[in-house]
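# Descriptive structure summary
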Amino acid sequence: MVEAQEYALWLEEWERQRTANKEQADNTIVIWKSGLTELPDVLQRRNNMMVADLRYNRIRELPSDLSLLRMLVHLDLTQNDLCTIPPGITMLQDLKGLFLAKNKLEVLPPEMGQLPSLEVLRLERNKIFELPHHIGYLPELRTLHLEGNRLTSL
């Protein structure tokens, strides 16, 4: 009898995890090292996307209207070819992690300081020479990586 109960509990937990993993898979896109030069259409068409991991591609710019991505909580564009971040970044109000390391960024828009949920901001190994002072007003920011930039002051 105990074995049957244990099996039933195991089966229930397995089903819960399978459902959770499916929901997460439906909200996640991971495309590494594929040579992308722009955000994939699937990301722009799915307004329930929560995680976009597009590291090691050749993405040059983000669309100016990011409203379709408003559910994003994690955006990783590490090691792409980004030169600018559009002011529309403020549409990502639930964003907790923004990973922009190893790009070609020189300037950040002042609007970056209007991301109320942002906890992690990785900007290392870009060409940034100045941070917008609004970065200091991010209420949830816990981690900020800036090493390997051209900053002259903070």
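These numbers were taken from a predicted model, which means no experiment stands behind them. (Residues numbered from 1 in each chain as written. Predicted model: local features only at pLDDT ≥ 70, side-chain atom pairs only at ≥ 80, totals over all residues. Heavy atoms only, no water.)

### Digging into the overall build of the chain
- Per the secondary structure count, the chain includes 2 helices and 6 strands.
- Order of helices (α) and strands (β) in the chain, N terminus to C terminus: α-β-α-β-β-β-β-β.
- Classification of the 154 residues of the chain by burial places 36% in the buried group.
- Relative to all contacts within the chain whose residues are 6 or more apart in sequence, the contacts with residues 24 or more apart total 21%.
- Here the chain has roughly 9,300 Å² of accessible surface; of this, 51% comes from carbon and sulfur atoms. (Helix = DSSP H or I, 4+ residues; strand = E, 2+ residues; numbered from the N terminus. Buried < 20%, exposed > 50% of the residue type's maximum accessible area, 1.4 Å probe, protein only. Contact = heavy atoms within 4.5 Å. Areas by Shrake-Rupley, 256 points an atom, 1.4 Å probe, with all protein chains shown as cover.)

### As for the sheet that holds strand 2 (residues 51-53)
- On the basis of which strands lie adjacent, the open sheet formed by 6 strands has the order 1-2-3-4-5-6 and parallel pairing. Where the open sheet ends on each side, the last strands, each with one partner, are strand 1 (28-30) and strand 6 (143-145). Between one strand axis and the next, the sheet turns through 5° on average, direction left out of account.
- Relative to strand 5 (residues 120-122), strand 4 (residues 97-99) is paired through 3 bridges, and the arrangement is parallel. Of the residues in strand 5, the one forming a bridge with Phe 99 is Arg 122. (Pairing = 2+ DSSP bridges. Axes fitted to C-alpha atoms, helices over the stretch in contact; angles between N-to-C directions.)

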